[in-house]
Amino acid sequence: MSKNIWLQKASEAMTLGFSVQKLDNGSNYLSSSDIQGFCQLESEQLTSQHPIFFARIVYHDSLLRANQEVINYGQDQVPFSPKTLAYLRSEVWLTDFPPALTLQEFKLKDFSSISYICPISYRNQKPEYIQIITHEPLSSSLQLYVKRSATLLSKYVDISLDYGRQKTEIKLLEDILHRVGHQLRNSLGLIGLYAHNLCLGLKDSPWQEQATIIGESIQDLDTNLNELIDCGQSAKLRVTLQDLRSLVVESITTLQPLIKQKKLKILIPDTSTILKIDRLQMKQVFDNILSNAAHFSPNSGTITCSWQIFQDEVLIKISDQGPGLSQEDLQKIFTPFYSQRKGGTGLGLTIAKKIILDHQGSIWAQILSESGAQFSMILPRPRSVN
């Protein structure tokens, strides 16, 4: 991956606040080698700037759950001895802890050169930082360059940490879905068997039709349960070309009883686009988000759906005029079992996020300045269709 691509992806992270960024191969999944590769490129860029001849980046790898380092030397620079590197790693010279993203000079024992440190962050009581050693004092422009590198690294490491948390939460959800699914299948199978027996025993009876409906409903429930469990496995996506507006309208139609009861107004664009998605799973996403919007909306409130269509993706926004979200909500809203709704399972938004990620997209929540909450999604769209 080129330096420009790395910068582009990290810049997107800072601008849009994505939880997980798509890498060059179209995957949402970060690895330790991705993080190390990004740090390696940054260290090479630093040592290419005169008079910097040594760069050392210490960062936290959430996937390995340990601090790691990347070291790079300038051209023609002789590598330090193991004893010197051991001294740098000991951090006995780190007698002060400057604020994150500030540059400070530190004295090194037996070094005639100048040493600087720019902390990336302080995590788990351990500093993450860029350490550089130079032949002469840094100019103002180079000091700013180092600080910008530290900011970029900080954002990228934050993304990797967020992904690590998501991975843990999603694994927990997948385990729960499979355990619950097994128990529900047993119950559904038993109910379906009794419904079938009723159909046979009520032949030519006016009650047979109702017993048949029960049996068909059990089959629908079993199908939906399978779809729910399959949403934890991206390899099982049944991807087809689907019209975005039609899918949203279908979800709105499902919610008509609640919409009419609360006299809600739903605003939806006239324009549309074609997406390459798993229809049932993506409808589940819209069902969940629109259901939450309707639930929290005041009587006679307005729910606004909008989208912006770009060349390779579409940005979808769904907002309401409800009580909004707290800062705690923003941190936990996609976490399993966290729910604002009375009697809610706290799984709906977690499942929605997993489905979006499986489609190589992104989803996040925002607090609206006036009132209410907004959920935004970015989904890829095929170039070959309008």
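Residues numbered from 1 in each chain as written. Predicted model: local features only at pLDDT ≥ 70, side-chain atom pairs only at ≥ 80, totals over all residues. Heavy atoms only, no water.

## Details of the pairing of strand 12 (residues 373-380)
Then comes step 1: Counted residue by residue, strand 12 has seven buried out of eight residues, so it is predominantly covered.
Then comes step 2: Two strands pair when backbone bridges link them, and strand 10 (residues 313-319) and strand 12 are joined in this way by seven bridges, in the antiparallel orientation. Across the sheet, Leu315 pairs through a bridge with Ile378, a residue of strand 12.
Then comes step 3: As judged from the six bridges shared by strand 11 (residues 362-367) and strand 12, these two strands associate in the antiparallel manner. The residue of strand 12 that forms the bridge with Ser362 is Ile378. (Buried < 20%, exposed > 50% of the residue type's maximum accessible area, 1.4 Å probe, protein only. Helix = DSSP H or I, 4+ residues; strand = E, 2+ residues; numbered from the N terminus. Pairing = 2+ DSSP bridges.)

## A short note on the confidence of the model for the protein
Then comes step 1: With 85% of its residues at a pLDDT of 70 or more, the protein shows a mean pLDDT of 82.
Then comes step 2: Note on residues 1-29: pLDDT is under 50 here. Beyond four places in sequence and across chains, it has 62 contacts. (pLDDT = per-residue confidence, 0-100. Contact = heavy atoms within 4.5 Å.)

## Overview of the sheet that holds strand 2 (residues 66-73)
Then comes step 1: One open sheet holds the five strands; their spatial order is 2-1-5-4-3, and the pairing between them is antiparallel. The open sheet terminates on both sides in strands that have one partner only, identified here as strand 2 and strand 3 (104-106). Pairwise comparison of adjacent strand axes, ignoring direction, gives a mean angle of 25° for this sheet.
Then comes step 2: Pairing of strand 4 (residues 114-123) with strand 5 (residues 126-134), which is carried by nine bridges, proceeds in the antiparallel orientation. Residue pairing for strand 5: Pro119 is matched across the bridge by Tyr129. (Axes fitted to C-alpha atoms, helices over the stretch in contact; angles between N-to-C directions.)

## Here we look at helix 8 (residues 279-296)
Then comes step 1: Over its 18 residues, helix 8 extends 26 Å from the first C-alpha to the last, a length consistent with the 26 Å expected when each residue adds 1.5 Å.
Then comes step 2: For helix 8, the complete set of buried residues consists of Gln281, Met282, Lys283, Val285, Phe286, Asn288, Ile289, Leu290, Ser291, Asn292, Ala293 and Ala294.
Then comes step 3: Its side-chain oxygen at 3.3 Å from the backbone nitrogen of Leu280, Asp278 defines the N-terminal cap of helix 8. (Expected span 1.5 Å × (residues − 1). Polar contact = N/O pair within 3.5 Å; in protein donor to acceptor, adjacent residues only side chain to side chain.)

## As for the environment of Val78
Then comes step 1: Among the secondary structure elements, Val78 is positioned in the loop between strand 2 and helix 3 (82-90).
Then comes step 2: Along the primary structure Val78 and Phe53 are separated by 25 residues, whereas in three dimensions their C-alpha atoms are 9.6 Å apart.

## As for the pattern of salt bridges
Then comes step 1: On inspection of all chains with the given rule, the structure shows seven salt bridges.
Then comes step 2: Its salt-bridge partner being Glu250, residue Arg279 comes within 2.5 Å of it at the nearest N-O pair. You can see Arg279 sitting in helix 8 and its partner Glu250 sitting in helix 6 (residues 244-254), a full 29 residues away along the chain.
Then comes step 3: For Glu250, a relative accessible area of 28% corresponds to the partly exposed category.
Then comes step 4: Because the salt bridges share partners, they merge into one network encompassing Arg56, Glu69 and Arg89. (Salt bridge = Lys/Arg side-chain N within 4 Å of Asp/Glu carboxyl O.)

## Thoughts on the side chain of Asp278
Then comes step 1: Relative to the elements of secondary structure, Asp278 occurs in strand 8 (residues 274-278).
Then comes step 2: No salt bridge is formed by the buried Asp278; the nearest opposite charge belongs to Arg238, separated by 4.9 Å.
Then comes step 3: Of the polar contacts made by the side chain of Asp278, one reaches the backbone nitrogen of Arg238; its length is 2.7 Å.
Then comes step 4: Within polar-contact distance, the side chain of Asp278 engages the backbone nitrogen of Leu280 at 3.3 Å. (Lys, Arg positive; Asp, Glu negative; His and termini not counted.)

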